[in-house]
Amino acid sequence: MPAEPRRRWCEPRRGRPRGDDRRGAQVRRERARAARAGARREEDLPHGRAAACGRAGAGGLYVGEEHGGIGLPRRAAAAVFVELARGDTAIAAYISIHNMVAWMIDTFATDEVRAAWLPDLSSMQKLASYCLTEPDAGSDAAAIRTSARRDGDEYVLTGVKQFISGAGSTDAYLVMARTGGADAGGISAFLVPAGSTGLSFGANERKMGWNAQPTRQVILEDVRVPASHLLGAEGEGFSIAMRGLNGGRINIAACSLGGASWAVERAAAHLRERIAFGKPLSAQQALQFRLADMTTNLEASRCLLERAATALDEGSPDAVRLCAMAKQFVTDQCFEAANAALQMHGGYGYLSEYGVERVVRDLRVHQILEGTNEIMRLIVSRAVLDGAA
């Protein structure tokens, strides 16, 4: 009987796969399935999962109950964002932006506009975007060039907004535009409905993270809105924007804390399960110490976040400084913790199906938006120096 020819290493095994091969094939199928699921998640627009959050009341966290909101204080709302971010950091961050717009409408809009918009925004049947940043006006927000001129019972808006979350997929755009002089006192706030004539959008930006929400330019070419869509009075827009950003800084810090907490928990589980050199990684003292530092920094972040949110709720004179401190410290510490969690996973941390690399990518932008962390340090240092004068 002739001997069976030797199978070359590169040739597939014929017949039914044996034990190890069957397990390997199953692992490969599961990884492929998880990767496809992850890819789908990163292509989602905000509407799908945001609508589910809206049904739970997450669309009007600070909105009054008369318009469908639940009227939470900032400290309680921050706890909500921590938990939302444990499930999806980018969607939680978008919902925080949506809530900021809803709060601005509830606080500064006319009764007519509140009644028309807040019920659907609170339920997230309609979604909102916040439009402050421009191609040449980022940290220097008072330098915006978008203009709004009064024409009878309407305002006509012209300009371009940059890096707008949800743009092209949302229903309402809260736009900061210049109605007066070149300083901060010349800025006003307007609510622009989607579908307005002259409103268009740039291409969806390709980003490092936050891929569960689209980011586009918002282009306004002689867009007309009713005069009733002015929030507050002319010239109050910059003040409205800054008040909104104080809460936004707390929210984005909360989203960082939620995402990082999830990543650190996954790292701890991996250390317990992964065997190297005959024992679990959790037996390595260097990794124990690193995990202790990560956990301590997250707990310190939680304390500062709660302190800042309480100050904002109470109208404390320290609120602006504390919100800046919380935003800078929490987003820095949480990014470092998530990045360390990825490192603890070794090569597995770099794979999309484990989820940690996505959290790292999503958290990175939190150190930039709602005021860069360098600007947060300026706010804090000026408060300290002014207090010492």
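Since this is a predicted model, take the numbers as computed values, not measurements.

Caption draft 1: Representation of the overall build of the chain. Across its full length, the chain carries ten helices and ten strands. Residue burial in the chain is summarised as follows: out of 389 residues, 48% are buried. The contacts in the chain between residues at least 6 apart in sequence include a share of 74% that link residues at least 24 apart. Accessible surface computed for the chain: about 19,000 Å², of which carbon and sulfur atoms make up 51%.

Caption draft 2: Representation of helix α3 (residues 74–87). Taking 1.5 Å per residue as the helical rise, α3 with its 14 residues ought to reach 20 Å, and the 20 Å between its terminal C-alpha atoms agrees with that figure. Those residues of α3 that sit buried are R74, A77, A78, F81, V82 and A85. Projection of α3 onto a plane perpendicular to its axis shows the buried side chains occupying an angular sector of 155 degrees, all on one side. Residues of α3 that are exposed and angled more than 90 degrees away from the buried face: E83 and G87.

Caption draft 3: Representation of the packing of helix α6 (residues 237–273) against helix α8 (residues 319–344) in the model. Look at α6 against α8: their axes get within 8 Å of each other, and the N-to-C directions meet at 20 degrees. With respect to each other, α6 and α8 are oriented roughly parallel. The two elements α6 and α8 cross, and the hand of that crossing is left-handed. Residue classes in the contact of α6 with α8 are distributed as 18 nonpolar, four polar and two charged.

Caption draft 4: Layout of the packing of aromatic side chains. Taken as a whole and judged by the stated rule, the model has four aromatic pairs. Between the aromatic rings of Y348 and Y354, the centroid separation amounts to 5.4 Å while the plane-to-plane angle is 50 degrees, which identifies the pairing as tilted. Owing to a relative accessible area of 26%, Y348 belongs among the partly exposed residues under this scheme. Given a relative accessible area of 32%, Y354 falls into the partly exposed group. Note that R74 overlies the ring of W103, its terminal NZ or CZ placed 5.3 Å from the centroid. In this structure, K126 packs its charged tip against the face of W117, placed 4.8 Å from the ring centre.

Caption draft 5: Structural view of the pattern of salt bridges. Counted by the stated rule, this structure contains 14 salt bridges. A salt bridge links D111 to R114; the nearest nitrogen and oxygen atoms lie 2.1 Å apart. On the criterion of helical spacing, the pair formed by D111 and R114 is a turn pair, its members being three residues apart in helix α5 (residues 111–122). R145 is the partner of D136 in a salt bridge, and the nearest nitrogen-oxygen pair spans 3.9 Å. By relative accessible area, which is 64% here, R145 ends up exposed.

Caption draft 6: Molecular detail of α5. With twelve residues, α5 should cover 16 Å at 1.5 Å per step; its first-to-last C-alpha distance of 16 Å lies within 8% of that length. Along α5, the residues that are buried comprise V113, R114, W117, L118, L121 and S122. The arc that holds the buried residues of α5, viewed along the axis, is 120 degrees, so those residues lie on one side. Phi turns positive one or two residues past the end of α5, at M124, with a value near 60 degrees.

The rules behind each value
- Within every chain, residues take consecutive numbers counted from 1 along the sequence as written.
- It should be noted that, the model being predicted, local features are given only for residues of pLDDT at least 70 and side-chain atom pairs only at 80 or more, the latter also being counted only at that level, while totals for whole chains, interfaces and linings use all residues.
- Side-chain metrics rest on all non-hydrogen atoms present in the structure, leaving aside hydrogens and water.
- Going along the chain from the N terminus, every DSSP run of H or I of four or more residues is numbered as a helix, and every run of E of two or more is numbered as a strand.
- Three exposure classes are used, based on accessible area relative to the maximum for each residue type with a 1.4 Å probe and protein chains only: buried under 20%, partly exposed in between, and exposed over 50%.
- The contact criterion used throughout is that any non-hydrogen atoms of two residues lie within 4.5 Å.
- Here the open area of atoms and residues is found with the Shrake-Rupley method and a 1.4 Å probe, where only the protein chains shown may cover a residue.
- To estimate the expected span of a helix, count its residues, drop one, and scale the result by 1.5 Å.
- For this quantity, the arc is that covered by the directions from the helix axis to the C-beta atoms.
- Where helices are involved, their axes are fitted lines through C-alpha atoms of the stretch in contact, as for all axes, and angles between N-to-C directions lie from 0 to 180°.
- Note that the term roughly parallel is reserved for angles under 35 degrees, roughly antiparallel for angles over 145, roughly perpendicular for angles of 65 to 115, and oblique for everything else.
- For any helix crossing, the convention is left-handed if the near helix is rotated counterclockwise from the far helix by under a right angle, and right-handed if that rotation is clockwise.
- Put simply, Ala, Val, Leu, Ile, Met, Phe, Trp, Tyr, Cys and Pro go in the nonpolar bin, Asp, Glu, Lys and Arg in the charged bin, and everything else, Gly too, in the polar bin.
- We call Phe, Tyr and Trp rings a pair once their centres come within 6.5 Å, taking the six-membered ring for Trp, and we label the pair stacked below 30 degrees between planes, edge-to-face above 60, and tilted otherwise.
- Two limits define a charge over a ring: the Lys NZ or Arg CZ must be within 6 Å of the ring centre, and within 35 degrees of the ring normal.
- Salt bridges are defined as contacts in which a side-chain nitrogen from Lys or Arg sits within 4 Å of a carboxyl oxygen from Asp or Glu.

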